[in-house]
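# Examining the three-dimensional arrangement
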Amino acid sequence: MQVFVRDNNVDGILDAGHRFFFLIKAHYPHYLYGRDVYGHPIYIERLGHVNMKALRAGGAKLKDIIYHYIWLAEFQWNILEPAEYGQSLTILDCSNIKMY
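A brief structural summary. Everything numeric in this text was worked out from a predicted model, so none of it was measured. (Residues numbered from 1 in each chain as written. Predicted model: local features only at pLDDT ≥ 70, side-chain atom pairs only at ≥ 80, totals over all residues. Heavy atoms only, no water.)

### Some details on the pairing of strand S2 (residues 41–46)
Sheet faces and side chains relate simply in a regular strand, where the side chains alternate between the two faces. Of all 6 residues making up S2, 5 are buried, and the element is well covered by its neighbours. Hairpin connection between strand S1 (residues 30–35) and S2: a loop of 5 residues separates the two successive antiparallel strands, and glycine 39 in this loop has a positive phi of roughly 90°. Taken together, the 5 bridges between S2 and strand S3 (residues 89–93) define a ladder with parallel strand orientation. Counterpart to glutamate 45 in the pairing with S3 is leucine 92. (Buried < 20%, exposed > 50% of the residue type's maximum accessible area, 1.4 Å probe, protein only. Helix = DSSP H or I, 4+ residues; strand = E, 2+ residues; numbered from the N terminus. Pairing = 2+ DSSP bridges.)

Below is the structure:
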């Protein structure tokens, strides 16, 4: 784990640029949506509504989406919920997912 953190500059990711932030936000519906009744941050992903064609057309690759996910996690755990034993509620909306 430490090698991944070091090799991908995870500790400094919030200070680095995020080239595809607005493109990914526009075509990958996900939200940090307030807090639950216990005060934990709520994170929602609408997996069946991701527009991969638009992401690819904008130049984003899978590694850029993974970078975005890591950036969001670091934002959540360093800015929104910096407690050592923080918790969150994650909702994965799987509506509109089709199996091929």
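Alright, that's what it looks like, and here's the rest.
### Re the nonpolar core
Counting 7 residues, the largest nonpolar core consists of Val5, Val10, Ile13, Tyr43, Ile70, Trp71 and Leu72. Core analysis: the second largest hydrophobic core is formed by 6 residues, Ile24, Tyr28, Leu55 and Ala60 among them. (Core = buried A, V, L, I, M, F, W, Y, C linked by side-chain atoms within 4.5 Å.)

### A few points about the environment of histidine 40
Of note, histidine 40 is situated in the loop between S1 and S2. When the C-alpha positions of histidine 40 and leucine 80 are compared, they lie 9.4 Å apart, and in sequence the two are 40 residues distant. Contact partners of histidine 40, with chain neighbours within four places excluded, come to Gly34, Arg35, Gln87, Ser88 and Leu89. (Contact = heavy atoms within 4.5 Å.)

### Looking at a nonpolar patch on the surface
A surface patch of nonpolar side chains, about 220 Å² in accessible area, is lined by Leu32, Ile79 and Leu80. The residue isoleucine 79 is located in helix H4 (residues 62–80) in this model. (Patch = residues over 30% accessible without salt bridge, like charges linked within 9 Å, V, L, I, M, F, W, Y side chains within 5 Å. Areas by Shrake-Rupley, 256 points an atom, 1.4 Å probe, with all protein chains shown as cover. Salt bridge = Lys/Arg side-chain N within 4 Å of Asp/Glu carboxyl O.)

Just geometry here; none of it tells us what the structure is for.
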